[in-house]
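So the chains spell out like this:
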Amino acid sequence: MDEKFAQLKQDILSCRECRDLFQHEPCPIFQGGPMAKIAQISQAPSLKVQETQRPFNDVSGKKLKQEWYQIEDDVFYNPHCFYITSIGHCYPGKGKGSGDKLPPKRCADLWLAKELSLIQNEIYIIIGAQAANYLFPNQNFQDLIFKDQVLYGKPAYVLPHPSPLNRRWFKQYPAFEQERIVEIRRIIHNILELDEE
Ligand code: SF4
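This section reports on the structure supplied with the text.

Cut-offs applied
- Going along each chain's sequence as written, the residues are numbered from 1 onward.
- Side-chain atom pairs in this predicted model are given and counted only at pLDDT of 80 or more, local residue features only at pLDDT of at least 70, and totals for whole chains, interfaces and linings cover all residues.
- Secondary structure follows DSSP: runs of H or I at least 4 residues long count as helices, runs of E at least 2 residues long count as strands, and numbering of each begins at the N terminus.
- Atoms counted for the radius of gyration: C-alpha only. Globule rule: 2.2 Å times residue count to the power 0.38.
- Labels follow a simple rule on C-beta atoms placed from the backbone: if 20 or more others lie within 10 Å of a residue's own, it is buried; if 12 or fewer, it is exposed; otherwise it is partly exposed.
- A fitted line through C-alpha atoms serves as each axis, taken over the contacting stretch for helices, and the angle formed by two N-to-C directions is quoted from 0 to 180°.
- When an angle is under 35 degrees it counts as roughly parallel; over 145 it counts as roughly antiparallel; between 65 and 115 it counts as roughly perpendicular; any other value is oblique.
- Handedness of a crossing is defined here by the sense of rotation of the near helix relative to the far one, left-handed for an anticlockwise turn of less than a right angle and right-handed for a clockwise turn.
- Any two residues are considered in contact once their C-beta atoms, placed from the backbone, lie within 7 Å.
- Under the grouping applied here, Gly and all other residues not named as nonpolar or charged are polar, the nonpolar ones being Ala, Val, Leu, Ile, Met, Phe, Trp, Tyr, Cys and Pro and the charged ones Asp, Glu, Lys and Arg.
- Remark: nonpolar core denotes a set of buried Ala, Val, Leu, Ile, Met, Phe, Trp, Tyr and Cys residues whose joining runs through C-beta atoms within 7 Å.
- Pairing between strands requires that DSSP locate at least two bridges from one strand to the other.
- We count a residue as near a molecule or strand when its backbone-placed C-beta atom lies within 6 Å of that partner.

A count of helices and strands for the chain gives 9 helices and 5 strands. What you see in the chain, going N to C, is helices and strands ordered as α-β-α-α-α-β-α-β-α-α-β-β-α-α. Relative to the globule expectation of 16 Å for 197 residues, the C-alpha radius of gyration of the chain, 16 Å, shows essentially globular dimensions. Along the first, second and third principal axes, the C-alpha atoms of the chain reach 45 × 40 × 30 Å. Expressed as a percentage of the 197 residues in the chain, the buried residues total 35%.

Now the structure itself:
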């Protein structure tokens, strides 16, 4: 298993499949090991993440780790705790509006199922509408967030993207930050055996 994972990791790190799509050299970013208890799948790295080579090392990550998960960086980046990947492994470039371009679909088609087949996780956390739509096609995003899901036979929890660009959604659905994330945080802390206050 470890050998297979090491080979796959190498294959993804050397992937340059999207050279024709990007204005920059592809730079795949993901983190964690096959024994991670939680597999987290989000949209794609931001420019800051690409520059620092550290997933969720940006404003979105601050909200995700500090406000929502309420865990320290040494837990989040512990390869036995989280396997951190996304449907697009490389920063896709700036979009026409305020956000980044959408991740190229070919990335998830190429890599995601292979990665997830090697991770011995207990639960999935899926972050953002793009990742949710890829894994649960044609389902209502709000329903996905507010109800427990199952993915590949394991419990799965869907979160909105923590990006500040999503502020309107947080205001529209206050029950997420007031109630739903509290339930999901408890599940995360239980699985990681973190002491609850
Ligand atoms: S986005 Fe995915 S498919 Fe495209 S170059 Fe990066 S790793 Fe390869």
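Below, the discussion takes up the packing of helix H1 (residues 2-13) against helix H5 (residues 105-118). Look at H1 against H5: their axes get within 10 Å of each other, and the N-to-C directions meet at 155°. With respect to H5, the element H1 is oriented roughly antiparallel. Seen from above, H1 lies across H5 with left-handed handedness. Contact with H1, carried on its side by Lys4, Phe5, Leu8 and Ile12, involves Trp111, Lys114, Glu115 and Leu118 of H5 and no other residues of that element. Along the lines of polarity and charge, the residues of the contact of H1 with H5 split into 5 nonpolar, no polar and 3 charged.

On to the nonpolar core, then. Ile41, Ile126, Ala131 and Val158 are the most contacted members of the largest nonpolar core, which has 41 residues in total. In this view, Ile41 contacts Thr85, Ser86, Ile87, Tyr124, Ile126, Ile127, Ala131 and Leu135; residues no more than four positions away in its chain are not counted.

What the 5 strands build is an open sheet, ordered E2-E1-E3-E5-E4; its pairing is mixed. Lying at the two open borders of the sheet, with one neighbouring strand each, are strand E2 (82-86) and strand E4 (149-151). Between one strand and the next, the sheet's axes are offset by a mean angle of 30°, whatever the strand orientation. Summarising the sheet, strand E1 (residues 38-42) and strand E3 (residues 123-127) pair through 4 bridges and their orientation is parallel. Each bridged residue has a counterpart across the sheet, and for Ala39 the counterpart in E3 is Tyr124.

Before going further, it helps to examine the site of the ligand. The ligand sits among 14 residues. The nearest are Cys15, Cys18, Pro26, Cys90 and Cys107. Per-element accounting of the shell around the ligand gives the leading share, 3 residues, to H5. Partitioned by chemical class, the residues of the shell around the ligand number 9 nonpolar, 2 polar and 3 charged.

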